[in-house]
Number of protein chains: 2
Amino acid sequence: MSDKRESLNPETVGMGRRRFINTAALAGLTVGVAACNDKPAAAPAASGTPAPAPAPAAAHAGANVHLKPGELDTYYGLWSGGHNGDVRVLGLPSGRELLRIPCFVPDALVGWGITNESKAVMGTKPDGSLRYTVADTHHLHGSYKDGNYDGRYAWVNDKINSRIARIRLDYFICDKITELPNVQGFHGIFPDKRDPVDPNINYTTRVFCGAEFGIPLPNDGKDVNATEKYRSMFTCVDAETMEVRWQVLIDGNCDLTATSFDGKLAATNQYNTENGVHYEDMMSAERDACLFFNIARIEEAVKAGKFKTYGSSKVPVVDGTREANKDAKTALTAYVSVPKNPHGVNASPDQKYFICAGKLSPTVTVIELAKVLDWFDGKSEKLDDAIVAEVEVGLGPLHTAFDGRGNAYTTLFLDSQIVKWNIDKAIAFHKGDKNATYVVDRLDVHYQPGHVNATHSETVAADGKFLSVGCKFSKDRFLPVGPFHSENEQLIDISGDKMVLLADHPVRGEPHDFIIFKRDIVKPKQVYDLDEFPLAVKDAKESGVFRNGKKVTVKLTSQAPAFSLREFTVKKGDEVTLILTNLDKIEDLTHGFAVPKYNIQFVINPLETKSVTFIADKPGVFWAYCSTFCHALHLEMRTRMIVEA
Amino acid sequence: MSDKRESLNPETVGMGRRRFINTAALAGLTVGVAACNDKPAAAPAASGTPAPAPAPAAAHAGANVHLKPGELDTYYGLWSGGHNGDVRVLGLPSGRELLRIPCFVPDALVGWGITNESKAVMGTKPDGSLRYTVADTHHLHGSYKDGNYDGRYAWVNDKINSRIARIRLDYFICDKITELPNVQGFHGIFPDKRDPVDPNINYTTRVFCGAEFGIPLPNDGKDVNATEKYRSMFTCVDAETMEVRWQVLIDGNCDLTATSFDGKLAATNQYNTENGVHYEDMMSAERDACLFFNIARIEEAVKAGKFKTYGSSKVPVVDGTREANKDAKTALTAYVSVPKNPHGVNASPDQKYFICAGKLSPTVTVIELAKVLDWFDGKSEKLDDAIVAEVEVGLGPLHTAFDGRGNAYTTLFLDSQIVKWNIDKAIAFHKGDKNATYVVDRLDVHYQPGHVNATHSETVAADGKFLSVGCKFSKDRFLPVGPFHSENEQLIDISGDKMVLLADHPVRGEPHDFIIFKRDIVKPKQVYDLDEFPLAVKDAKESGVFRNGKKVTVKLTSQAPAFSLREFTVKKGDEVTLILTNLDKIEDLTHGFAVPKYNIQFVINPLETKSVTFIADKPGVFWAYCSTFCHALHLEMRTRMIVEA
């Protein structure tokens, strides 16, 4: 491999440009690349060099992303919100952020983490306080039907606390969160696309979750230094119930996740097959793996009772380690070798390939699904024969998107580029046709790109219109705002042979992954149904203060410009549950409810019901007011909470 | 007044368009307008009517707001974040959000509310938990020097809990929060522009805060129903120390706040001079007031000991009620009469006028500063002679911006319009020149506009380039995303005679107020100074675990791609204080620090130091990892926290 790289034309892999990139992302990389090539690499030092000038205007303009006032976007984007712990909804091509959907982390605007309903989704400690208030979302994917998005659900991970959240795409809300047992650093996530066995189930019923960190099992504070026993797991969550179905104990770790269109395999990249605990150990092996899971066999094994459980968890765990899966005909897992410390794994929209991006290797590896299946079926002697291409594309390949026309777009973190390459030609080149020019185009991006995705990229409907890339560093691309820089989401037109950079959009770090789909995929409801809420106060006449000892229920409704109760009185020390239904049923007529000094604030959408429970521990008069501008008399829209001493 | 309105040409005040506006903001308005005009108004019903088609493209294109990739904005915007509880930093004219500055509410991304340093700013309960986790920011203003912004500070209010936060504009961070005593519903905020007495103090040293709700004094649960005794106050906060200097007890309430350029007066609009507790009481009087405060006299009174204190607060409170201030020559306050339930009050950049927007009256009232000062000086018999114009502009006037060329731009909430009008011509019309056509232009906006501001509007440097308007309802202007709609910030070119609508920008509700200034006003620092942090770990060699009984201090540094400690061990039950300094000093090289299951996550910018304190109550191995993409080996950048059982 090192030979291969040394012989590379620097222009082809963008090494010329690499010298000009002023970024600390390269700091210390000599270590990484040196390890990769067994000799010191030519990576530049991190300091000093000036930032490049803005890219010159593209030769042709590309698609128009500048909508006129009132014009609607043609695509939705769903973006993970990074350690904001939420999900972003964008309109594209304008790049405008239309909504943030609270998930793992409290949201003061809507009252997520304040209302009883949201706390039930988020999870609480025995004392009623929230179990967690931080999160780190990375990967977001939508539910599938017939290989395309069906607009029912999206799922997103929380890496810090190993949680998965589901988004309902009718109301654009998070409705369920599940914490995975036995793992730490849950990172990759991908729904299946159909059932591996039942042909009638042509839609998503499982979500797969890869965990990154090896830990003692159980992780109870004993055997903490026996690092050779640290293990990671791959988890399957039921798409409907959101319960954990099963887990697979593995060697090495899980990074990104992907699934085949036929429902038969899930895959995860492994950057730490070494089970190392220090970074130089994690990159000591020359090759790591892309690990495939045979879903049907795993579920048969679970059914047959061939599993263990760990600690207090009741989740069945099957054995997916190398040692236990040497016989292809019974194997649950298959470890395909890929160059060291790979990052993204993506399934091509022609349903044939998995593309692994090399990260510390300047390569992408193309694995053919049919050949992995052949191995499981005993038709192939050597699992690594499933590798149909392994070609160099540039420095720091991380993730790959597709245009549905046979081309792949891979981010090059170190080169700060997107490389467009042709999959068939890469396969031909790998086979020996050295005239096969698989690199089609390169585009500088700004700077250090991570995730990339194109319109309907990982679906059978990939349309090759727009591509978005999440650049981790923005440096000089926006007005300075102090030490904490935004990241830079760049939008690229991929409809022609040449990529055209269209726009820079700053974004609060650290969003990662995203999907982009045509606007007709979802049919959002703009007003709630009263019957969705068991506590709904369906008529203003039901309003009042209802006492049961020290427990008091206050029922309220809102209709602009008034709440149904002008005032209500409780006693100091009461446990008050306040239930508010917004009886305004006109689209966009949202109210808010804020209570001074009582740490209560939430918004209440048309025909929505929310409740809060609190101890009335402060006597006095408290003006609870509408906090969302609703009406000319909005400021006058208040109710008076009187807490008698 | 009702006669005046009835005789109005509907086209002039936009009543034609009003009939077509499909908005629930009008629901119930018959009550409001009826009260205003003593007879039922012709406001349309709220339901059914279809939304208007997008506005046709403007006759001339207006300024280009569509920056090419890499082009920088020319203006900064600072926006209050509504009940997000933070401050937004925008680049204009692109409208891109460059940063959100956490203030009143925890922010999971940066660790605001998680780190010890942020908790010290936010305020904690005796048990160390945060006092508040919700807020409702409305109004944001910057510090002044010589009548223009000087880029030192900005201040923003929290209406729910009556707090004021200060933003340092060198690092774009919140550094102080003060909770105001004796008040509820702190709403309007404005810094002074110079000292009323000392000519050398030509910059901001005070910030004025108006409180909206009347409450019992003290608010201790006694006398809760004696509503005639409910009172509100106006507060002065020291711009440097952020301590409360003094308060003024008043009749009625405070809504928006403004200050004169000469430093002599502060003003607040009052929509509830009635001291009503129900909305129809709040709008029963035909006229309310714009209340002026004589700053020099108030401070003399405080100095002379002419004040009271309330409850446990030590803040001096002077008497600004009507009864106590009848004698102009000694008065601390002056109540200028304005039509019922006014909303915004804004000081014109020519330093001469305060403009009060009528809200329930279709008028703006122009009050001449010099004439209010004359009254305080005993040179004017009748305070209301300071009203030099009171003219009709349309339905629901809320706020006014200025272009520095003598024109004012007032939002018409009910008409969903901006009306551009000439101040001098309005004064001439009011004086009797019925040929003075003071309305210059009208522009439909989408929909129900609240705050409006123009570039450098309320400064002597008002340049009349761009105007931004916060539309409370977006309705059909963006792709649907469920029941909770974004609001719509629209950008308008005001450089010509006609206003030109340039762009729609969706924004998370409920941002309110904002200021826009040229980019050379601020000089942000992009890397911290190590010496700003008393706990800084200045050298990786200082890292380690330092035990003092059950208290353990862990000192760490970060330099991509590693933390200075590869692992650290504590014991179950220890109180751990972890201090992390980011020794990477290259711009934009931010790291993060996340600890699974321990609810810890924060980002750490170049040369910044942060700390967290927690009880190590869960035994096991916990991989603390870098949560902000920093390097090709970012995923491998971890340290292992071992909690021994």
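Residues numbered from 1 in each chain as written. Chains lettered and ligands numbered in written order. Predicted model: local features only at pLDDT ≥ 70, side-chain atom pairs only at ≥ 80, totals over all residues. Heavy atoms only, no water.

Here's the deal with the overall build of chain A
Helix and strand counts for chain A come out as nine helices and 39 strands. Radius of gyration (C-alpha) of chain A: 27 Å, near the 26 Å computed for a compact globule of 645 residues. By the burial criterion, 68% of the 645 residues in chain A qualify as buried. Within chain A, contacts between residues at least 6 apart in sequence are counted, and of these 61% link residues at least 24 apart. Counting every atom, chain A has about 20400 Å² of accessible surface; 51% of that belongs to carbon and sulfur. (Helix = DSSP H or I, 4+ residues; strand = E, 2+ residues; numbered from the N terminus. Rg over C-alpha atoms; globule rule 2.2 N^0.38 Å. Buried < 20%, exposed > 50% of the residue type's maximum accessible area, 1.4 Å probe, protein only. Contact = heavy atoms within 4.5 Å. Areas by Shrake-Rupley, 256 points an atom, 1.4 Å probe, with all protein chains shown as cover.)

What about the relation of the copies chain A and chain B?
In the superposition of chain A on chain B (RMSD 0.0 Å, axial shift 0.0 Å), the rotation amounts to 180°. Viewed as a symmetry operation, the transformation between the two copies matches a two-fold axis. In terms of C-alpha distance to the rotation axis, chain A has A:H66 as its closest residue, with the C-alpha 3.3 Å off the axis. A high fraction, 100%, of the interface residues of chain A reappear at the interface in chain B, so the copies pair face to face through one surface. (Least-squares fit on C-alpha atoms with pLDDT ≥ 70 in both.)

Digging into the sheet that holds strand β9 (residues 206–213) of chain B
Residue and element names in this part refer to chain B. With mixed pairing, the five strands of this open sheet are ordered in space as β8-β9-β10-β11-β15. With one partner strand each, in any of the chains shown, β8 (184–191) and β15 (317–319) form the two edges of the open sheet. Recorded for the sheet is a direction-independent mean angle of 25° between the axes of neighbouring strands. Sheet topology places strand β10 (residues 232–238) next to strand β11 (residues 244–250); six bridges connect them, and they run antiparallel. In the strand pairing of β11, S232 is matched with I250. Packed onto the sheet, helix α7 (residues 295–303) meets β9, β10, β11 and β15 and runs at close to 105° relative to β11. (Pairing = 2+ DSSP bridges. Axes fitted to C-alpha atoms, helices over the stretch in contact; angles between N-to-C directions.)

Quick word on the environment of B:Y528
Relative to the elements of secondary structure, B:Y528 occurs in the loop between β29 (514–518) and β30 (544–548). Here B:Y528 falls in the buried class, since its relative accessible area comes to 7%.

A short note on helix α8 (residues 369–376) of chain A
Listed in full, the buried residues belonging to α8(A) are A:L369, A:V372, A:L373, A:W375 and A:F376. Buried residues of α8(A) fall within an arc of 155° about the axis and therefore sit on the same side. (Arc of directions from axis to C-beta.)

Quick notes on the side chain of B:T459
Residue and element names in this part refer to chain B. Summarising the element assignment, T459 is placed in the loop between β25 (449–454) and β26 (466–471). Taking the relative accessible area as the measure of exposure, T459 reaches 0% and is therefore buried. Separated by 2.8 Å, the side chain of T459 and the backbone oxygen of H456 make a polar contact. (Polar contact = N/O pair within 3.5 Å; in protein donor to acceptor, adjacent residues only side chain to side chain.)

A closer look at unusual backbone geometry
In most cases, non-glycine residues show a negative phi, while peptide bonds are predominantly trans. Residue and element names in this part refer to chain A. Of note, the bond from L217 into P218 is cis; its omega dihedral lies within 30 degrees of zero at -5°. Within the secondary structure, P218 is located in the loop between β9 (206–213) and β10 (232–238). Here the amide bond leading from A560 into P561 is cis, since omega sits at 0°, within 30 degrees of zero. Inspection of the secondary structure assignment puts P561 in the loop between β31 (551–559) and β32 (562–563). Within the chain, N275 stands out as a residue other than glycine whose phi angle is a positive 55°. Residue N275 is classed as partly exposed on the basis of its relative accessible area, which comes to 24%.

As for the pairing of strand β5 (residues 148–158) of chain A
All names here are of chain A. Of all eleven residues that make up β5, nine are buried, and the element is covered over most of its length. Pairing of strand β4 (residues 140–145) with β5 involves five bridges; the strand directions are antiparallel. Residue pairing in the sheet places K145 in a bridge with N148 of β5. Count of turn residues in the β4/β5 antiparallel hairpin: two residues, of which D146 carries a positive phi of about 50°. Pairing of β5 with strand β6 (residues 163–168), which is carried by six bridges, proceeds in the antiparallel orientation. Bridge assignment links Y153 to a residue of β6, and that residue is R168. Hairpin connection, β5 to β6: the antiparallel pair is bridged by four residues, and S162 has positive phi, about 55°.

Considering the interface of chain A and chain B
Taken together, the contacts link 149 residues of chain A with 150 residues of chain B. Regarding the contact of chain A and chain B, the summed buried area is about 12700 Å², with carbon and sulfur atoms giving 61% of it. Together, A:L479, A:P483 and A:F629 form the three largest contributors to the area buried by chain A at its contact with chain B, with a combined 7%. Counting across the interface, chain A meets chain B through eight salt bridges. A salt bridge links B:E280 to A:R566, with the nearest nitrogen and oxygen atoms 2.6 Å apart. There are 57 residue pairs in polar contact (both at pLDDT 80 or more) connecting chain A and chain B. Considered class by class, the residues forming the side of chain A that touches chain B number 80 nonpolar, 35 polar and 34 charged. (Buried area = accessible area lost by both parts, 1.4 Å probe. Salt bridge = Lys/Arg side-chain N within 4 Å of Asp/Glu carboxyl O. Nonpolar A, V, L, I, M, F, W, Y, C, P; charged D, E, K, R; others polar.)

A closer look at the sheet that holds β6(A)
Residues and elements named next belong to chain A. Spatial strand order, β4-β5-β6-β7: four strands in an open sheet with antiparallel pairing. Each end of this open sheet is capped by a strand with a single partner; those strands are β4 and β7 (173–179). Sheet twist, expressed as the mean angle between neighbouring strand axes with direction ignored, is 30°.

Section: the pairing of strand β19 (residues 363–368) of chain A
Residues and elements named next belong to chain A. Most of β19 is tucked away: six of the six residues are buried. The alternating pattern of β19 places T363, T365 and I367 on one face and V364, V366 and E368 on the opposite face, and all of these are buried. In this structure, strand β18 (residues 353–357) lies alongside β19, joined through five bridges in antiparallel fashion. Paired with F354 across the strands is I367, a residue of β19. Turn length for the β18-β19 hairpin, with the two strands adjacent in sequence and antiparallel, is five residues, and the turn residue K359 shows positive phi of about 50°.

Points about the state of the cysteines
One pass over the full model with this rule turns up zero disulfides over all chains. You can see A:C209 has no disulfide; the closest cysteine sulfur is in A:C236, sitting 7.9 Å from it. (Disulfide = S-S within 2.5 Å.)

Remarks on the UniProt feature "domain: Cytochrome oxidase subunit II copper A binding" (unreviewed entry) in chain A
When the UniProt feature table is mapped to this numbering, "domain: Cytochrome oxidase subunit II copper A binding" (unreviewed entry) covers residues 549–645 of chain A. Regarding residues 549–645 of chain A, the helix share stands at 0% and the strand share at 56%, and the terminal C-alpha atoms are separated by 17 Å. (UniProt positions renumbered as here; feature names shortened; annotations may be inferred.)

Side note on the packing of aromatic side chains
Tallied over the full model, the rule gives 47 aromatic pairs over all chains. Pairing A:W375 with A:F376 gives two aromatic rings, centres 5.3 Å apart and planes at 70°, and the pair type is edge-to-face. Each ring, one from B:Y144 and one from B:Y149, has its centre 5.3 Å from the other, and the planes form 45°; the classification is tilted. Overall, the relative accessible area of 7% leaves B:Y149 in the buried class. Here A:K159 stacks its cationic end above the ring of B:Y625, 4.3 Å away from the centre of that ring. (Phe/Tyr/Trp six-rings, centres within 6.5 Å; stacked < 30°, edge-to-face > 60°. Lys NZ or Arg CZ within 6 Å of the ring centre and 35° of its normal.)

Some details on the pattern of salt bridges
As enumerated under the stated definition, the model contains 83 salt bridges over all chains in all. A salt bridge links A:E575 to A:K551; its shortest N-O distance comes to 3.9 Å. With A:E575 in strand β34 (residues 575–582) and A:K551 in strand β31, this pair connects stretches of sequence that are 24 residues apart. One salt bridge in this structure joins B:K518 and B:D463, with 3.9 Å as the shortest N-O distance. Of the two residues, B:K518 sits in strand β29 while B:D463 sits in the loop between β25 and β26, which places them 55 residues apart along the sequence. Via salt bridges that share partners, A:D192, A:D195, A:R206, A:D238, A:R245 and A:E299 belong to a single interconnected network.

Focus: helix α7 (residues 295–303) of chain A
Residue and element names in this part refer to chain A. The buried fraction of α7 amounts to seven of the nine residues, a majority that puts the element mostly inside the structure. Of the residues making up α7, those classed as buried are I295, A296, R297, I298, E299, A301 and V302. G305 lies just past α7 and shows a positive phi near 75°.

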